Every structure is written in C-alpha cells, then in structure tokens.
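# What the coordinates show
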Amino acid sequence: MSRLTNWLRNRRARRTEEYLPALATVHRTILPRNYFEIGVSTGRSLALASVPSVAVDPNPKVDVALAAPVRLYPMTSDRFFAEEVLDEPIDFAFIDGMHRVEFVLRDFMNIEARAHAGTVVAMDDVMPEDIAYTARDQTPGAWTGDVYRIIPLLRRYRPDLDVRVYDVVQKGLGIVTRLDPSSRVLPQMYDRIVAELDRGAFLEASAAAIRAAIRPRPTTRLASDLAKFRRRSRS
Ligand SMILES: C[S@@+](CC[C@H](N)C(=O)[O-])C[C@H]1O[C@@H](n2cnc3c(N)ncnc32)[C@H](O)[C@@H]1O
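Attention here is on the structure that accompanies the text. (Residues numbered from 1 in each chain as written. Predicted model: local features only at pLDDT ≥ 70, side-chain atom pairs only at ≥ 80, totals over all residues.)

Turning our attention to helix α4 (residues 101-113). Look at α4: 18 Å from first C-alpha to last across 13 residues, which is about the 18 Å you get at 1.5 Å a residue. Of all 13 residues that make up α4, 10 are buried, and the element is covered over most of its length. Among all positions of α4, only Val101, Phe103, Val104, Leu105, Arg106, Asp107, Phe108, Asn110, Ile111 and Glu112 are buried. Here the buried face of α4 lies against β1 (35-38), α3 (77-83), β4 (92-95), β5 (120-124), α5 (150-157) and α6 (185-198). (Helix = DSSP H or I, 4+ residues; strand = E, 2+ residues; numbered from the N terminus. Expected span 1.5 Å × (residues − 1). Buried ≥ 20, exposed ≤ 12 C-beta atoms within 10 Å, placed from the backbone. Contact = placed C-beta atoms within 7 Å.)

Right, dumping it as structure tokens:
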C-alpha cells in the first residue's frame, strides 16, 4: 500500500466512526436528564442511556443489560404519541424506528411538540453509503430506507432548525437542535410535504449525490459542536 493511500485511509478513519460510539459521545457531551428512543430492536442503542428512559418499538427484542430505568412501550411510535403522555419534556431523543421518510417526519414533529429549546434529536440512517440501502421496503442486509430525504426536507421547511449530519460509517448520524415546540410549520404543511415526497421530492440517484446534498461534518466535530450548543442553550 502506498504511503499516500495509507495516509488517506488513516485520515478517513479519524473522521468517521460507528453510530454507537457517536451516540455515546452525544450522551457524554449533553448529559441529558432523560432519553427517548424510537426503534429499540435488541437494545444496543438503548443500553447507552444511563438516565430515565422511554423507549418505543412494536417488536422489541432486548437481549442486553440496560443501565437506565426504562419504560418500554411495545407499540408503534404513532400509537405511542396518540395514546401516551410523557412526564417531562424530552432532553435527548434518538429516531431509529420505521425507515421511511414520512414516518421519521412524524416522529420528529411529535418529539418537537414534547421538546424544549435545549433538546437534541439524533437520527439514524440519514446518509447511506450505498444507494441499494435506500429501498422503501426492507431489504436483507443494511437497510436505511429513504430516511436521508428528511435532511433536505427539514433544511427547506424549517431553516430555523440546526440540522447537521456527521460522517458516521455506513449510514450517517443526523443531529437536530434549536427545536421550537410552539412551531406549527410542519404539522400545518404535513399533507403538502407528503404529496411532494410522493412526487419524488428530495430523491437522489446515487450515494454520492446524497452525500453532496447533505454535506456531512467529520465526526471529530460532534463533541465540540454539541458542547457549544449546550453552553448556548443553558446561558
Ligand atoms: C434498526 S432497528 C433499531 C435499532 C436500535 N436503535 C439499535 O441501535 O440497536 C429498527 C426498529 O424499529 C422498529 N420499528 C419499526 N416500525 C416502527 C414504528 N412504526 N415505530 C417504532 N418502532 C418501529 C422495529 O421493530 C425495529 O426493532
């Protein structure tokens, strides 16, 4: 291997990370008082939480030890938000449920309505490294669905939000801050946005085009970006 190839490979390794260590960085940096998760599966991401947590999944299969007290709701997120009430506003939420853009949009809208100005929302699957991952129907192996469309969608309809994507390997990690629980923009425009999505809005033909549209930040910036946000939102 040439020295240049080696250098490039090492440089890329420093700038990218797996999603679980990146999520752990979010927990460690923002020190949330509570955690809310959509999409639990075997509990790998839920196990990173050490504060009182609420988790939602119609088919949870937790097989790891959980560090936090967790209220687990075995139902879809739409049903959860229609029927259940949270005791306090959400500090940190992770959206990793149904991998279709309109589901993620509804999950985000419902979380924002239960958020505060310092809430941090993380989103999985927002920058697939292969266009084959993006089918709307689940495929064997890596599957992100068309969740990546949520990033340009939020940037267009909610320029007041801070929407960043970190260069987490295979699927990216979205981080949304500056939430406004009083905003009615997305609920009021929901039907129009879904009609635009149905007509193909924000679809891309290749992983390179998705990446170019999303403009990811190196994961080495994740902790410092969040620390800055935390300082500002608490001052
Ligand atoms: C990729 S897995 C979650 C992985 C987990 N967050 C982790 O990192 O270990 C996606 C999960 O979303 C759940 N799911 C599917 N549709 C859902 C919905 N409408 N609401 C909530 N969860 C859903 C599935 O049952 C599945 O367990």
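Picking up where we left off.
Take α6 next. Over its 14 residues, α6 runs 19 Å from end to end, which matches the ideal 20 Å to within 8%, given 1.5 Å per residue. At Asp191, α6 shows its largest bend, some 50°. (Bend = angle between axes of the 7 residues up to and from the residue.)

Looking now at the pairing of β5. The buried fraction of β5 amounts to 5 of the 5 residues, a majority that puts the element mostly inside the structure. Side chains of β5 alternate between two faces, with Val120, Ala122 and Asp124 and Val121 and Met123 buried alike. Where β4 and β5 come together, 4 bridges link them in parallel fashion. Counterpart to Ala93 in the pairing with β5 is Val121. In this region the chain leaves β4, passes through α4 and returns to the parallel neighbour β5; the handedness of that crossover is right-handed. Sheet analysis places β5 next to strand β7 (residues 173-177), joined by 4 bridges and oriented antiparallel. (Pairing = 2+ DSSP bridges. Right-handed = clockwise from strand over helix to strand, strands pointing away.)

This part covers the nonpolar core. Core analysis: the largest hydrophobic core is formed by 55 residues, its most contacted members being Val104, Val121, Ala122 and Ile150. Sorting elements by how many residues they give to this core places α4 first, with 6 residues. For Val121, the contacting residues outside a window of four places in its chain are Ala93, Ile95, Phe108, Ile111, Val176 and Leu179. (Core = buried A, V, L, I, M, F, W, Y, C linked by C-beta atoms within 7 Å.)

To continue, consider the environment of Ala68. Residue position: Ala68 is located in the loop between β2 (53-56) and β3 (70-73). When the 15 C-beta atoms within 10 Å are taken as the criterion, Ala68 is described as partly exposed. Sequence separation between Ala68 and Ala49 is 19 residues; the distance between their C-alpha atoms is 5.9 Å. Every residue in contact with Ala68, bar those within four places of it in the chain, is listed here: Tyr35, Ala49, Ser50, Val51, Pro52 and Ser53.

This part covers unusual backbone geometry. Non-glycine residue Phe202 carries a positive phi angle of around 65°. Relative to the helices and strands, Phe202 is located in the loop between α6 and α7 (207-214). You can call Phe202 partly exposed: it has 19 C-beta atoms within 10 Å. Look at Arg215: it is not a glycine, yet its phi comes out positive at around 55°. Assignment of secondary structure puts Arg215 in the loop between α7 and α8 (222-234).

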